[in-house]
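A look at the structure
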Amino acid sequence: KRSQKKRSNDDVSYVEHLFLREFGLRYPQLLEHLSSKADSTIDTIQSVFNEICVELNIIYASELESVSASTISEAISNVQGCIEDISCNIGKILADMHNMPLVRALCGMELEPLLCGHKIKVSGMPAGMASFKGSPAPVIIKTGKCPEYGVWADDRLHLAAFSILVQEVHNKPIDDGIVIYSRSGCIRPSKIRTNDRRQVLG
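Strand order in the open sheet formed by five strands is 1-4-5-6-7, with mixed pairing between adjacent strands. Of all strands in the sheet, those bounded by a partner on one side alone are strand 1 (110–111) and strand 7 (186–191). Of the pairings in the sheet, the one linking strand 6 (residues 176–181) to strand 7 comprises six bridges and is antiparallel in character. Bridging from a neighbouring strand, D176 pairs with K191 of strand 7. The sheet contacts of helix 6 (residues 100–107) involve strand 4 (128–132), strand 5 (135–142), strand 6 and strand 7, and relative to strand 4 the element is tilted by about 140 degrees.

Once that is clear, we can look at the environment of I180. By the secondary structure assignment, I180 is in strand 6. Overall, I180 belongs to the buried group, its relative accessible area being 0%. I180 sits 39 residues away from I141 along the chain, and the two C-alpha atoms are 4.7 Å apart. Setting aside residues up to four positions removed in sequence, I180 forms contacts with G24, Y27, L106, V139, I140, I141, K142, C186 and I187.

This part is about the packing of helix 3 (residues 41–59) against helix 5 (residues 83–95). Packing of helix 3 against helix 5 brings their axes to within 9 Å, and their N-to-C directions diverge by 125 degrees. Here helix 3 is positioned oblique relative to helix 5, judged by the angle of their axes. Helix 3 and helix 5 meet at a crossing whose hand is right-handed. Note on element contacts: helix 5 touches helix 3 through I83, E84, I86, S87, I90 and G91, opposite T41, I42, I45, Q46 and F49. Of the residues contributing to the contact of helix 3 with helix 5, the split by class is six nonpolar, four polar and one charged.

Moving on, we come to the pattern of salt bridges. Evaluated as defined, the whole model comprises 10 salt bridges. Taking the shortest distance from any N to any O, the salt bridge between D175 and R197 comes out at 3.3 Å. Residue D175 is found in the loop between helix 7 (153–170) and strand 6, and its partner R197 is found in helix 8 (residues 194–201); the two are separated by 22 residues along the sequence. Residue R197 is classed as buried on the basis of its relative accessible area, which comes to 15%.

This part takes up unusual backbone geometry. Backbone geometry at E112 places phi at a positive 40 degrees, although glycine is not the residue there. Among the secondary structure elements, E112 is positioned in the loop between strand 1 and strand 2 (115–117). The phi dihedral of K133 falls on the positive side, at around 55 degrees, and the residue is not glycine. Secondary-structure assignment places K133 in the loop between strand 4 and strand 5. Judged by relative accessible area, K133 falls into the exposed class, the value being 60%.

Scoring rules and cut-offs
- Residues numbered from 1 in each chain as written.
- Predicted model: local features only at pLDDT ≥ 70, side-chain atom pairs only at ≥ 80, totals over all residues.
- Heavy atoms only, no water.
- Pairing = 2+ DSSP bridges.
- Helix = DSSP H or I, 4+ residues; strand = E, 2+ residues; numbered from the N terminus.
- Contact = heavy atoms within 4.5 Å.
- Axes fitted to C-alpha atoms, helices over the stretch in contact; angles between N-to-C directions.
- Buried < 20%, exposed > 50% of the residue type's maximum accessible area, 1.4 Å probe, protein only.
- Parallel < 35°, antiparallel > 145°, perpendicular 65-115°, else oblique.
- Left-handed = near helix turned anticlockwise from the far one by under 90°.
- Nonpolar A, V, L, I, M, F, W, Y, C, P; charged D, E, K, R; others polar.
- Salt bridge = Lys/Arg side-chain N within 4 Å of Asp/Glu carboxyl O.

Shown next, in the form of structure tokens:
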């Protein structure tokens, strides 16, 4: 558990995680701005990054209470090093017309809805809910490395868990989810399989 590790390096990776999670939550506004204006992608992303630098301590006040300024500064510097990759990958997403349904879905995303599943007695809060391919789709944010293709198996199971809750709320099958890999600027839709749901319930 992170709380048992006292090395400052662990704190840096934790602060990076918080920063990148906040970044991921702002991807919808970023995509909306970039798809409607001809601004430079990297400049727009940098300005969102700068906003988070100012607001991080306010939003995550309790999480960052005992973290030193130097640790926060190091984490911010590490994330700054990802900006070029993020810009490049978001640019590729916006350049491909096939991605427009995905971009539109994220632009209309509802942030952090609380989902309650009375049948399985579990509740949860995905990063967001989007309307994708005519159905509600859970959106999760991952702050680690992005796979070359698709999504990691654990991330698919995470989506499957939320899909079970969404199915109960909306009373219809939910077959799609979306993963935002905020460290790299990759956004991946993912099919939710029968076996994924079976594993979650098992």
